Amino acid sequence: AGTYTVTPDVTTTYTITAENAYGERTDSVTVTVNQPPTVSISTESPVICSGDSAVLNWTSTDADTLIINQGIGEVASSGTTTVTPAADITYTITATNEYGTDTADVTITVNPIPTALLTVDRDSIAPGGSATLSWTTTNAASVIIDPEGEVDPEGSLIVHPEVTTTYILTATADNGCGDATSSVTITVHDPPTITISATPDTITEGESSTLSWTTVNATSASIDQGIGTVDLSDSITVQPTITTIYTLTAEGPGGTNTGNVTITVNSLPVIESFTANPTNIAAGEGASS
């Protein structure tokens, strides 16, 4: 008879064998080793871009309860869950049973995405005019305005487009989180064009003529010589007493333009003097002129 102290790490069955001249006898006893829990947690996406998601994976053994922090709460002994963190974060999982506790954690890094905003002080100009582009960006390693080229992360620039042009701001990140774009279009308006005529363009004093005109790219029109504001395309009858130049002025987003037409007025003959002498005679008498 006797005792022997054992310290098994896992559940173990011990067998004793007794022998004599007549044979042997065996007996066995099992020592159960109650294990504390084990747990592990991981993700295949330890680095993500802002707004993206990652999947947490975990497994455990001998756990009575499993809890993941950051608001996730109690979970099954193994499984997955999808998370969308707004900033760098560490998820810790805690496994517990009556014999102990185990923890594991995983960190997800959240890289910011770039932003871009392009504005213009006027989106409509006349030929030869200018406009000012202004922009801001964040989280950008390079910033380009097409068609101007590379620019600072924020600033302003005066441009002089000759034709209607779309400017595109592109901010590109160096952390794998893509790029952001913003655009504005500056419309370059053509100047007004004018056609004006007079029918007829030569008259005799006391006669009339018809002015006719058309305009393109105009928003308002007027004619001098006291006529004033007129429709963009129309006609009007005039009766100048002397040779007169009529000037049509048209205004529009593309600027101002003028056109004119001359009506020549031919004067009637002038009788400088016509008298009778005498002016009072008797019947049968004569008078000279």
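I will try to describe carefully the structure that is included in this document. (Residues numbered from 1 in each chain as written. Predicted model: local features only at pLDDT ≥ 70, side-chain atom pairs only at ≥ 80, totals over all residues. Heavy atoms only, no water.)

### A few points about the state of the cysteines
The cut-off we apply is this: What counts as a disulfide here is a pair of cysteine sulfur atoms lying within 2.5 Å. Numbering of helices and strands runs from the N terminus; a helix is a DSSP stretch of H or I covering at least four residues, while a strand is a stretch of E covering at least two. The buried label applies to any residue whose accessible area, calculated with a 1.4 Å probe on protein chains only, is under 20% of its type's maximum; exposed applies above 50%, and partly exposed to all values in between.
Tallied over the full model, the rule gives one disulfide. For C49, the disulfide goes to C177, at an S-S distance of 2.1 Å. In this structure, the disulfide formed by C49 and C177 twists by about -100° around the S-S bond and is classed as left-handed. Here C49, found in strand β4 (residues 47-49), pairs with C177, found in the loop between β17 (165-172) and β18 (179-188); they are 128 residues apart in sequence, far enough to count as distant. Using a relative accessible area of 14% as the deciding quantity, one classes C49 as buried.

### Quick notes on the nonpolar core
To be explicit about the condition: Residue types Ala, Val, Leu, Ile, Met, Phe, Trp, Tyr and Cys, when buried and joined through side-chain atoms within 4.5 Å, form a set referred to as a nonpolar core. Here, two residues are considered to be in contact whenever any of their heavy atoms come within 4.5 Å of each other.
With 18 residues, the main nonpolar core has I41, Y91, I93 and I108 as its most contacted residues. Contributions of two or more residues to this core are made by β3 (38-43), β5 (54-61), β6 (65-68), β9 (89-97) and β10 (100-111). Apart from residues no more than four positions distant in its own chain, Y91 is found in contact with I41, L56, I68, N69, Q70, I72, V83, P85, A104, D105, V106 and I108.

### Description of unusual backbone geometry
The omega angle of the peptide bond from D146 to P147 is 15°, so this bond is cis rather than trans. Counting through the fold element by element, P147 comes out in the loop between β14 (142-146) and β15 (149-150). Going from T199 to P200, the amide bond is cis rather than trans, its omega being -10°. The residue P200 is located in the loop between β19 (193-199) and β20 (202-204) in this model. Even without being a glycine, N139 presents a positive backbone phi close to 55°.

### A few points about the pairing of β14
The cut-off we apply is this: Between any two strands, pairing holds if DSSP finds at least two bridges.
Only one face of β14 is buried, namely the one carrying V143 and I145, since none of S142, I144 and D146 on the opposite face is buried. Where β14 meets β15, two bridges bridge the pair, whose relative direction is antiparallel. From the neighbouring strand, I144 faces β15, where its bridge partner is E150. Counted between consecutive antiparallel strands, the loop separating β14 from β15 contains two residues.

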